[in-house]
Amino acid sequence: MGEMTGFQLGVFGALFLSVASSVSIVICNKALMSNLGFPFATTLTSWHLMVTFCTLHVANRLNFFESKSIDMKTVVLFGILNGVSIGLLNLSLGFNSVGFYQMTKLAIIPFTVLVETLFLKKQFSQQIKFSLFLLLVGVGIASVTDLQLNFVGTILSLLAIVTTCVGQILTNTIQKRLNVSSTQLLYQSAPFQAAILFVSGPVVDQFLTKQNVFSHKYSPIVLIFIILSCLIAVSVNFSTFLVIGKTSPVTYQVLGHLKTCLVLGFGYTLLHDPFTDRNIIGILVAIFGMGLYSYFCAQENKRKQAVEVKDGAPLLSQDKDSHEVKKLTKNSLV
């Protein structure tokens, strides 16, 4: 019971850290890109990952965690896949309207459910599926405005959905099957993610913005916000691996849509962004869907624990009976 309570506290802490850090970095990056004119999102992400690796390397040297060797081929492919996923999401935003980009992000949940059902034989109850449907409808109402389709943008979005989904499933699977922590996996894979984005980032950003990141004029305030963004990103990257490892890729995506609702709310209250009745209705529907998802997940976990306890009871009884038989036999021999 104590271990279960500790695990639940760990999950809650991971969820809270993920939400707080993600909302913080969105606000920071929005100020950096919209107000300070630094539009190089992909290159900035490569800097995030490099700072994350350097931070974890220092933590490892100070014995805050123990590094664990992972098969090099697995780590390299995993790191490249995640790096490509980030690049494709940014390209998808560049080639599509904001509304279609939001639809791309919404499509990750049903695709993840489909992949886990077909290939990992994972079961999703009708209640879970219904709550996810409500969540997606709510976020769609709140955030999707215009839907402008084009062939290249659609292909990029499909590739972004596939790579993001597979990357997040692997994040969960590698941690469980290889018995590595989120910190150990992030420490091993971050250099490869950073490398692929460090090489491709300036090219992608120049293609999307028609500006060169290396010829950009870096004022002191821009440098301060870049450093702040990189520091917050350490927490974002760590909590991402932590949440997916402790819960599931679908739960992480649900959490991501909670962040979207919070960002919309913060944008209205802090930055005075436009806010309509449609936004309010969508956010309320999404929050209701999240609440149902959390409730149904908790109920399923309770049922699983009850089954485990029930299945474990005969074994305990059998062990006890066996111990009594041995004791009687020993006494009779004496």
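The following refers to the structure shown. (Residues numbered from 1 in each chain as written. Predicted model: local features only at pLDDT ≥ 70, side-chain atom pairs only at ≥ 80, totals over all residues. Heavy atoms only, no water.)

**A few points about the layout of surface pockets**
In this approach a probe as big as a water molecule rolls over the atoms, and the regions it shows empty are the leftover space. Defined as follows: Computed over the protein atoms alone on a 1 Å grid, cavities are sets of points where a 1.4 Å probe fits but cannot get out and pockets are open sets with protein on both sides within 12 Å along at least five of seven lines; a residue lines them when it has an atom within 4 Å of a point. Grid points are joined across faces, edges and corners, and a volume is the space filled by probe spheres set on the points. To qualify as a helix, a DSSP run of H or I must reach at least 4 residues; to qualify as a strand, a run of E must reach at least 2; elements of each kind are numbered from the N terminus. Amino acid classes used here: Ala, Val, Leu, Ile, Met, Phe, Trp, Tyr, Cys and Pro are nonpolar; Asp, Glu, Lys and Arg are charged; the rest, including Gly, are polar.
Volume-wise, the second largest pocket comes out at about 1,600 Å³. Around the second largest pocket, the lining comprises 41 residues; the ones closest to its centre are Lys246, Thr247, Thr251, Cys297 and Asn301. Listing elements by their share of the lining of the second largest pocket, those giving two or more residues are α1 (2-35), α6 (151-177), α8 (220-246), α9 (249-269) and α10 (277-333). Residue composition of the lining of the second largest pocket, grouped by class: 20 nonpolar, 12 polar and nine charged.

**A word on the pattern of salt bridges**
Quick note on the threshold: A carboxyl oxygen of Asp or Glu within 4 Å of a side-chain nitrogen of Lys or Arg is what we treat as a salt bridge. Exposure is judged per residue with a 1.4 Å probe applied to protein chains only, and the accessible area is read against the type maximum: over 50% gives exposed, under 20% gives buried, and values in between give partly exposed.
On inspection of all chains with the given rule, the structure shows one salt bridge. The partner of Lys122 in a salt bridge is Glu116, with the nearest N and O atoms 3.9 Å apart. The class of Lys122 is partly exposed, set by a relative accessible area of 31%.

**Things to note about a nonpolar patch on the surface**
What counts is decided by this rule: Each patch is built from salt-bridge-free residues with over 30% relative accessible area, joining like charges within 9 Å and nonpolar side chains (Val, Leu, Ile, Met, Phe, Trp, Tyr) within 5 Å. Where accessible areas are quoted, they stem from the Shrake-Rupley method and a 1.4 Å probe; at the residue level, only the protein chains shown are allowed to cover.
Taken together, the side chains of Phe130, Phe133, Val137, Ile141 and Ile281 present a nonpolar region at the surface, about 450 Å² in accessible area. In terms of residue count, the dominant contributor to the nonpolar patch is helix α5 (residues 126-143) (four residues). Considering the arrangement of structural elements, one finds Ile281 in helix α10. For Ile281, a relative accessible area of 49% corresponds to the partly exposed category.

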